[in-house]
Amino acid sequence: MTSQRTRDRLVKRLRDHGIQDERVLSAISHVPRHLCMDEAMSTRAYEDTALPIGEGQTISQPYIVARMTEAVIRDRLPRKVLEVGTGSGYQAAVLAQIVEEVYTVERIKSLYEKAKCLFQRLGYQNIHASYTDGTWGLPDKAPFDAIVVTAACQSVPEALLSQLVLEGQLIAPINHDEDTQILTLITRKGADFEQEQLDWVRFVPFVPGCA
Ligand code: SAH
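Just so we're clear, the structure is a prediction, and the values are computed from it rather than from any experiment. (Residues numbered from 1 in each chain as written. Predicted model: local features only at pLDDT ≥ 70, side-chain atom pairs only at ≥ 80, totals over all residues. Heavy atoms only, no water.)

Before going further, it helps to examine the packing of aromatic side chains. Enumeration over the complete set of coordinates arrives at two aromatic pairs. For Arg-33, the ring lying beneath its charged end belongs to Tyr-90, and the centroid distance is 5.3 Å. The aromatic ring of Phe-144 is capped on one face by Lys-80, whose charged end is 5.3 Å from the ring centroid. (Phe/Tyr/Trp six-rings, centres within 6.5 Å; stacked < 30°, edge-to-face > 60°. Lys NZ or Arg CZ within 6 Å of the ring centre and 35° of its normal.)

Here's what the structure looks like:
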């Protein structure tokens, strides 16, 4: 269930669904998604679906991880990326295969601790995990070339936008109604922010404050 063949089947499915960037497809084929979840769930790890990871949270669907990653590297390759919502650590691991430095923040301590162990176990020295409220970004490490928000927000916190470099890009699911969001790519252009709407998505909510 966790063999390279199973992973290759997932990559083929993503390709069939329109993911074209070979850097993203290669990252997905390398990251052991089955290690990002509890063993009981791991037989389903290479299905293209979101799955529970405890604490009422989910590991994102591979297609969405691929779509978000593809979007933030489309125009130029960011060097330093902030992810808000570490969760299982899967999105961070996919990013870490492609960019130089990944900072990732999580508000639920048990998930942060599990993900930190995972990054160590997988040998990712370019992922820096913090237990903190992503509402405030990570001012000590700012600015970022790109920011990936993996929880649904009403609107993007100002602090995150202010931590983008010029021409930097942020991607986030922005609430449309009670359970759907629009994946939105925001680019910092001088004092302005340009928005591009990409896909309908469903994420767990962005919650301010640490649990
Ligand atoms: N990127 C994750 C998806 C996790 S689901 C993965 O690949 O598995 C979204 C995560 O965002 C949850 O773990 C949730 O606890 C976290 N989250 C929600 N609001 C947050 C906030 N204000 N700061 C940091 N993390 C937050």
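Following the structure, the description resumes.
Where helix 2 (residues 22-30) contacts helix 3 (residues 62-73), the two axes come as close as 9 Å, and the packing angle between them is 140°. With respect to helix 3, the axis of helix 2 lies oblique. Judged by the twist between their axes, the crossing of helix 2 over helix 3 is right-handed. From helix 2, Arg-23, Val-24 and Ile-28 reach across to helix 3, where they touch Pro-62, Ala-66, Thr-69, Glu-70 and Ile-73. Tallied by class, the residues present in the contact of helix 2 with helix 3 amount to five nonpolar, one polar and two charged. (Axes fitted to C-alpha atoms, helices over the stretch in contact; angles between N-to-C directions. Helix = DSSP H or I, 4+ residues; strand = E, 2+ residues; numbered from the N terminus. Parallel < 35°, antiparallel > 145°, perpendicular 65-115°, else oblique. Left-handed = near helix turned anticlockwise from the far one by under 90°. Contact = heavy atoms within 4.5 Å. Nonpolar A, V, L, I, M, F, W, Y, C, P; charged D, E, K, R; others polar.)

Bringing the pattern of salt bridges into the picture now. Between side chains of opposite charge, a pair can form when the charged atoms approach closely. One pass over the structure, following the stated rule, counts 11 salt bridges. Close ionic contact of Asp-199 with Arg-67 constitutes a salt bridge, the shortest N to O distance being 2.7 Å. Here Asp-199, found in strand 9 (residues 192-201), pairs with Arg-67, found in helix 3; they are 132 residues apart in sequence, far enough to count as distant. For Arg-74, the salt bridge is made with Asp-75, and the minimal N-O distance between the two is 3.0 Å. Each of Arg-74, Asp-75 and Glu-196 takes part in a single network of salt bridges with overlapping partners. (Salt bridge = Lys/Arg side-chain N within 4 Å of Asp/Glu carboxyl O.)

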